[in-house]
Structure formats: C-alpha cells, structure tokens
Amino acid sequence: KVLKSALDRWPSSRFHVVLGSGYKFESEMNAWISNSNLMKLGRVSIYRSLSPGELIRLMHQCETAITSPSGISLEYMCVGGALYLYKIAENQSDQEKYCIQEGLAFQWNETSPSNVEIRRELERQEIIFDGRSGERLAKAIRSRVGRQLE
C-alpha cells in the first residue's frame, strides 16, 4: 500500500525497501513487484536482514524515507533526511504525534510538503539529533554524582 502510493507520488524515483523480520506480507509484495517489473526497471530494491552498518550506509543514500514511528525513524533522523511516518501499530501513536508536532517528520498521506517545510524539518532534526547526546548525558551524570559527593 505505502510502496504503491510512493511510486505514484514520485514516479521517477528509485526505492529501497528494507523489510523487518516481522513483515507478514513479503510474498504478496514480492509477487506484486515481480508482476509490475519494478525490479527489472531498477525502481525497487528489496533488502532483508541488514547489519547495522549496512542499514546506515543505505540510509545515507536516501534523501527521503517512509518508516513507522519507531526506533528506525529515530535512526533515520540521526542520519538526516525528509521523513514520512506511517503508523503500523497503536503503540506508535505517541512517537508519531511527538515527531510531527516537533516538526521532525511528516505524516504519510496524500499531501506533499513544500520545499520550505522540508528544509525546516531537516533543520529541526539537526537541532535534536546533533550527535552530542552522549556528551550531554555524561555531563548530567557528572553533575549529579558531583552533587551527591559534596
């Protein structure tokens, strides 16, 4: 469903589809892709069981991603790129709401954001996911431990 609408929205784009171990509709999707010649045309590539390094390298190749509002969306925002969220489980509602309200991601629907909105989204991602959270956490721990030792 999402892949078909993405192909319609961006007819000249190439798509990298990463399947998780729990994906239930792999055989149906593969049949649909095979019947449509999308792989032969080079429009769709399917990936399974990627290592963390392979996944990060693939993310760096993609300026746009459609993910569920889960850990994978947070990982993609660390790399940076236009992000669309498609909720697949009820327990993803809070993260979806947060990311959209904070301007970190867009909800996957039929409306495409403007280039200005996408630039704002990328700027927000850079502020939140600046690669310095480890430093801030260490500083907070040192500060807390220092107060307890006094």
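Residues numbered from 1 in each chain as written. Predicted model: local features only at pLDDT ≥ 70, side-chain atom pairs only at ≥ 80, totals over all residues. Heavy atoms only, no water.

Topic: the overall build of the protein
Turning to step 1, where the next piece is worked out: Looking only at helices and strands, the protein has 7 helices and 5 strands in total.
Turning to step 2, where the next piece is worked out: Start at the N end of the protein and walk to the C end: the helices and strands fall as α-β-α-β-α-β-α-β-α-β-α-α.
Turning to step 3, where the next piece is worked out: Referenced to the eigenvectors of the C-alpha coordinate spread, the extents of the protein come out at roughly 70 × 35 × 30 Å.
Turning to step 4, where the next piece is worked out: A burial count over the protein gives 29% of its 150 residues as buried.
Turning to step 5, where the next piece is worked out: Long-range contacts, defined as pairs at least 24 residues apart, comprise 45% of the intrachain contacts of the protein with a sequence gap of at least 6.
Turning to step 6, where the next piece is worked out: For the protein, the distance from the average position of its 20 positive side-chain charges to the average position of its 18 negative side-chain charges is 1 Å. (Helix = DSSP H or I, 4+ residues; strand = E, 2+ residues; numbered from the N terminus. Buried < 20%, exposed > 50% of the residue type's maximum accessible area, 1.4 Å probe, protein only. Contact = heavy atoms within 4.5 Å. Lys, Arg positive; Asp, Glu negative; His and termini not counted. Charge placed at Lys NZ, Arg CZ, Asp CG, Glu CD.)

Structural notes on the packing of helix 1 (residues 2-9) against helix 2 (residues 26-36)
Turning to step 1, where the next piece is worked out: Interhelical geometry of helix 1 versus helix 2 gives an angle of 30° and a closest axis separation of 11 Å. One element, helix 1, and the other, helix 2, form an angle in the roughly parallel class. Side by side, helix 1 and helix 2 meet where L3, K4 and L7 of the first sit next to M29, W32 and I33 of the second.
Turning to step 2, where the next piece is worked out: Residue composition of the contact of helix 1 with helix 2, by class: 5 nonpolar, no polar and 1 charged. (Axes fitted to C-alpha atoms, helices over the stretch in contact; angles between N-to-C directions. Parallel < 35°, antiparallel > 145°, perpendicular 65-115°, else oblique. Nonpolar A, V, L, I, M, F, W, Y, C, P; charged D, E, K, R; others polar.)

Considerations on helix 1
Turning to step 1, where the next piece is worked out: Among the 8 residues of helix 1, 6 are classified as buried, and the element is accordingly described as predominantly covered.
Turning to step 2, where the next piece is worked out: Of the residues making up helix 1, those classed as buried are V2, L3, S5, A6, L7 and R9.
Turning to step 3, where the next piece is worked out: Considering only its buried residues, helix 1 is in contact with strand 1 (15-19), helix 2, strand 2 (44-48), strand 3 (64-67) and strand 4 (82-85).

Thoughts on the pattern of salt bridges
Turning to step 1, where the next piece is worked out: Counting across every chain of the model gives 6 salt bridges.
Turning to step 2, where the next piece is worked out: With its nearest N and O atoms 2.1 Å apart, the salt bridge here joins E26 to R48. Residue E26 is located in helix 2, and its partner R48 is located in strand 2; the two are separated by 22 residues in the primary sequence.
Turning to step 3, where the next piece is worked out: E26 gets classed as partly exposed once you look at its relative accessible area, which sits at 24%.
Turning to step 4, where the next piece is worked out: With a relative accessible area of 41%, R48 lands in the partly exposed category. (Salt bridge = Lys/Arg side-chain N within 4 Å of Asp/Glu carboxyl O.)

Notes on the sheet that holds strand 4
Pairing between the strands of a sheet comes from backbone hydrogen bonds, and it takes one of two forms, parallel or antiparallel.
Turning to step 1, where the next piece is worked out: The 3 strands are arranged 3-4-5 in an open sheet whose pairing can be described as parallel. Each edge of the open sheet carries a strand with a single partner, namely strand 3 and strand 5 (106-107).
Turning to step 2, where the next piece is worked out: Two strands pair when backbone bridges link them, and strand 4 and strand 5 are joined in this way by 2 bridges, in the parallel orientation. What sits directly across from L85, in strand 5, is Q107.
Turning to step 3, where the next piece is worked out: Its contacts with the sheet place helix 4 (residues 71-79) against strand 3 and strand 4, and it is angled at close to 170° to strand 4. (Pairing = 2+ DSSP bridges.)

Some words on a nonpolar patch on the surface
Turning to step 1, where the next piece is worked out: Among the surface-exposed residues, Y98, I127 and I128 lie close enough to one another that they form a single nonpolar patch of about 280 Å² accessible area.
Turning to step 2, where the next piece is worked out: By secondary structure assignment, the location of Y98 is in helix 5 (residues 93-101). (Patch = residues over 30% accessible without salt bridge, like charges linked within 9 Å, V, L, I, M, F, W, Y side chains within 5 Å. Areas by Shrake-Rupley, 256 points an atom, 1.4 Å probe, with all protein chains shown as cover.)

Comments concerning the pairing of strand 4
Turning to step 1, where the next piece is worked out: The side-chain alternation of strand 4 yields two buried faces, one formed by A82 and Y84 and the other by L83 and L85.
Turning to step 2, where the next piece is worked out: Sheet topology places strand 3 next to strand 4; 4 bridges connect them, and they run parallel. Opposite T64, over in strand 4, you have A82 as the bridge partner.
Turning to step 3, where the next piece is worked out: Between the parallel elements strand 3 and strand 4, the chain passes through helix 4 in a crossover that is right-handed. (Right-handed = clockwise from strand over helix to strand, strands pointing away.)

Read these as layout, nothing more, since geometry by itself doesn't imply function.
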